[in-house]
Amino acid sequence: MREERIAKLQDFLAKNPRDSFSRYALALEYAGQGNTEHAVTLLEELLRDDPTYVPAYQQLGYAYQKLDRRDDAIAVLKRGMEVAVAQGDLHARGEMQEALEELQV
């Protein structure tokens, strides 16, 4: 099932390589398979191309945390909170704040 979703997302991206949602969803599929490093690569690329895509910051923070990249997780969550506030997305900001607080314990 997951492989089918990955194939569909790759097809979407072949048609529209800059589609942020499809790139984000593909990264989550790889993360769900346990391929966290590939998910990180995809999320980092996504944020380079679309630095306003708020959900990618949160998921990248979680992925960094899984890879024991604590400082990177803290930095990306802080940046994500700034972007979320700028967009008025207080819910995402709150979720990233909670994740950040857990890291800083």
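The structure this text deals with has already been given above.
Since the structure is predicted, the reported quantities are computational estimates derived from the model, not experimental observations. (Residues numbered from 1 in each chain as written. Predicted model: local features only at pLDDT ≥ 70, side-chain atom pairs only at ≥ 80, totals over all residues. Heavy atoms only, no water.)

K.L.:
I tried to follow the overall build of the protein chain on my own but got confused; where do I start?
P.N.:
Helix and strand counts for the protein chain come out as six helices and zero strands. Judged by the C-alpha coordinates and their principal axes, the protein chain covers about 40 × 30 × 20 Å. Burial statistics for the protein chain: of 105 residues in total, 41% are counted as buried. Pairs at least 24 residues apart make up 44% of the contacts formed inside the protein chain by residues separated by at least 6 positions. Summed over all atoms, the accessible surface of the protein chain reaches about 6,200 Å², with 49% contributed by carbon and sulfur. For the protein chain, the separation between the mean place of its 13 positive charges and that of its 19 negative charges on side chains is 2 Å. (Helix = DSSP H or I, 4+ residues; strand = E, 2+ residues; numbered from the N terminus. Buried < 20%, exposed > 50% of the residue type's maximum accessible area, 1.4 Å probe, protein only. Contact = heavy atoms within 4.5 Å. Areas by Shrake-Rupley, 256 points an atom, 1.4 Å probe, with all protein chains shown as cover. Lys, Arg positive; Asp, Glu negative; His and termini not counted. Charge placed at Lys NZ, Arg CZ, Asp CG, Glu CD.)

K.L.:
Hey, could you run me through the environment of Glu-101 in this one?
P.N.:
The topology assignment puts Glu-101 in helix α6 (residues 90–103). Expressed as a C-alpha distance, the spacing of Glu-101 and Lys-78, which sit 23 residues apart in the sequence, is 11 Å.

K.L.:
What exactly am I supposed to notice about the packing of helix α4 (residues 54–66) against helix α5 (residues 70–87) here?
P.N.:
Any two packed helices are characterised by the angle at which their axes cross and by the distance between the axes. At a minimum axis separation of 8 Å, α4 and α5 run at an interaxial angle of 165°. Classified by the angle between their axes, α4 and α5 sit roughly antiparallel to one another. Handedness of the crossing formed by α4 with α5: left-handed. Counted together, Val-54, Tyr-57, Gln-58, Leu-60, Gly-61, Tyr-64 and Gln-65 of α4 and Asp-72, Ala-73, Val-76, Leu-77, Arg-79, Gly-80, Val-83, Ala-84 and Gln-87 of α5 form the full contact between these two elements. In terms of residue class, the contact of α4 with α5 is made up of nine nonpolar, five polar and two charged. (Axes fitted to C-alpha atoms, helices over the stretch in contact; angles between N-to-C directions. Parallel < 35°, antiparallel > 145°, perpendicular 65-115°, else oblique. Left-handed = near helix turned anticlockwise from the far one by under 90°. Nonpolar A, V, L, I, M, F, W, Y, C, P; charged D, E, K, R; others polar.)

K.L.:
What is the right way to look at α5 in this model?
P.N.:
For an α-helix, 3.6 residues make a turn, and residues three or four places apart therefore share a direction. The end-to-end C-alpha distance of α5 is 26 Å, a good match for the 26 Å that 18 residues give at a rise of 1.5 Å each. Looking at α5, one finds that the buried residues are Ala-73, Ile-74, Val-76, Leu-77, Gly-80, Met-81, Val-83 and Ala-84. Looking at the buried residues of α5, the elements they touch are α3 (36–49), α4 and α6. (Expected span 1.5 Å × (residues − 1).)

K.L.:
Is there a simple way to explain the environment of Gln-33 in this structure?
P.N.:
With respect to the helices and strands, the residue Gln-33 is situated in the loop between α2 (20–32) and α3. Along the sequence, Gln-33 and Leu-100 sit 67 residues apart, while their C-alpha atoms lie 24 Å from each other. In terms of polar contacts, Gln-33 uses its side chain to reach the side chain of Glu-3, at 2.4 Å. (Polar contact = N/O pair within 3.5 Å; in protein donor to acceptor, adjacent residues only side chain to side chain.)

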